[in-house]
There are 2 protein chains.
Amino acid sequence: MRSSRGPGQRAGLSRDRVLDAATDLLAESGAVTMRAVAQRLGVAPNALYSHVADKTELVDGVLDRVLAQVDAPPLEPGGSPGDAMHRLMTSTHGVLIRHPQLVPAFLARQGARGANARHLGAVMLEHLAVAGITGDAAREALRVLIVYTIGFAAFDGAPDERPVPHSELRADFDRGLHWLITGIIESVR
Amino acid sequence: MRSSRGPGQRAGLSRDRVLDAATDLLAESGAVTMRAVAQRLGVAPNALYSHVADKTELVDGVLDRVLAQVDAPPLEPGGSPGDAMHRLMTSTHGVLIRHPQLVPAFLARQGARGANARHLGAVMLEHLAVAGITGDAAREALRVLIVYTIGFAAFDGAPDERPVPHSELRADFDRGLHWLITGIIESVR
DNA sequence: ATACTAGCTGGACGCTGTACAGTTCGCAAC
DNA sequence: GTTGCGAACTGTACAGCGTCCAGCTAGTAT
């Protein structure tokens, strides 16, 4: 609304403030637009490009921000890698469920590429290594789990579906995840 | 190129020809645009709207056309429903792998909604019913399998990845699918 | 022969992401 | 302190997107 600021005047933006605005927008309307983000910040659309290279980078930033909420406890010596992986993916699923609007964004780019995403991936690979799975096999198993998780989360926001209670979906997710992890681990025995 | 046709002149379009052009375009460049499809047909962009309601309807049509290639043998009396489901999903996977460009489109709309898609879904639900799984549980199991299949197919077209040979990916898909189907069937025992 | 309809064109609208040039502020160096 | 410079921001603009509207016309039905 307030468009009274000449060129050269600073608006006090920052990468964080831009990502905040984009995150809010994504959570509210599900539609992130450079112009919409700019308007919400009371700024010209191009101003964003001083803090963000691309729209993709912006969206990646938002996705990664949300992924920061995932609980990824590091490798503990005595524990079972299968349980650890199960917990990590369940936490991821919970986070995604809590942000239904951006699940399609995750789907569209087949996961995320930001720092947090890479960290989560690295932790998973460690657990897989403990289970004796490394290299390409580990990467493939990881991607299977990621796609399974994101895909399942997508059902929560799916349109024209009978509203299956969240608790039930969560239980189904849990069961399928268990099958997959069991299969992955046993594939190396 | 050839733009010599006045208003009123017919170009001999049809829904099929439009879908053909869109399918070719998707297979070649991966980018379907109303304008691009129109250009390939030597026609103004709006002309398409005489044969297709929407762009979404167009894409749905293309996806469904490809799904027609899936081999979905009907329920046979003596057979194992697990094997039948396995075959159907494997065939689907093969079709998707053969059309990597449109897998992202499948992902984006969480499957397809056309006639062939519904038919495949119905066949799967029959097999699930034979296995004793009905209602919401069946629909959920089906969606798990769909997401798993599409997601796995997406890896084949994924960028900046070491080219894992198709045969290997196919084997991995097969194994994971087996885990899932086994789990689904045993969940009702 | 006449009316109607379906298929098409030309043009336009509002939306998108983003590049270019110009203005000005804040800060560092002399 | 003055000067200079880079970073932040505005205004404008461009190309491309999906899609609507109005008009023209070829074929069909009456």
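Data block above holds the structure.
Rules of the game
Residues numbered from 1 in each chain as written. Chains lettered and ligands numbered in written order. Predicted model: local features only at pLDDT ≥ 70, side-chain atom pairs only at ≥ 80, totals over all residues. Heavy atoms only, no water. Near = heavy atom within 4 Å. Polar contact = N/O pair within 3.5 Å; in protein donor to acceptor, adjacent residues only side chain to side chain. Nonpolar A, V, L, I, M, F, W, Y, C, P; charged D, E, K, R; others polar. Helix = DSSP H or I, 4+ residues; strand = E, 2+ residues; numbered from the N terminus. Contact = heavy atoms within 4.5 Å. Buried < 20%, exposed > 50% of the residue type's maximum accessible area, 1.4 Å probe, protein only. Phe/Tyr/Trp six-rings, centres within 6.5 Å; stacked < 30°, edge-to-face > 60°.

A. Region of interest: the protein's contact with DNA strand D. Not every one of the 28 residues close to DNA strand D is listed here, only the nearest: R10, N46 and H51 of chain A together with R35 and Y49 of chain B. A share of 57% of the atoms of DNA strand D within 4 Å of the protein falls on sugar and phosphate groups. A44 of chain A has a polar backbone atom sitting 2.8 Å from a phosphate oxygen of DNA strand D. Within the side chain of H51 of chain A, a nitrogen or oxygen atom sits 2.6 Å from a phosphate oxygen of DNA strand D. Looking at the surface near DNA strand D residue by residue, the classes come out as ten nonpolar, eleven polar and seven charged.

B. Structural detail: the environment of H86 of chain A. Within the secondary structure, H86 of chain A sits in helix α4 (residues 81-97). For H86 of chain A, the contacting residues outside a window of four places in its chain are D174, L177, H178 and I181 of chain A.

C. Main features of the side chain of T92 of chain B. With respect to the element layout, T92 of chain B can be found in helix α4 (residues 81-98). Among the residues examined, T92 of chain B registers a relative accessible area of 11% and is labelled buried.

D. How the structure looks around the packing of aromatic side chains. By the definition in use, this model includes four aromatic pairs over all chains. Seen in terms of ring centroids, F152 of chain A and F173 of chain A are 5.7 Å apart; in terms of plane orientation they differ by 65°. Their pairing is edge-to-face. You can see F152 of chain A sitting in helix α7 (residues 135-156) and its partner F173 of chain A sitting in helix α8 (residues 166-186), a full 21 residues away along the chain. There is no split in this pair, since F152 of chain A and F173 of chain A are both buried. Note on Y148 of chain B and F173 of chain B: the rings are 5.4 Å apart at their centroids and 20° apart in plane angle, and the pair reads as stacked. Separated by 25 residues along the polypeptide, Y148 of chain B in helix α7 (residues 135-156) and F173 of chain B in helix α8 (residues 166-186) bring together distant segments of the chain. With a relative accessible area of 0%, F173 of chain B lands in the buried category. One aromatic cluster is present, built from ring pairs that chain together Y148, F152 and F173 of chain A.

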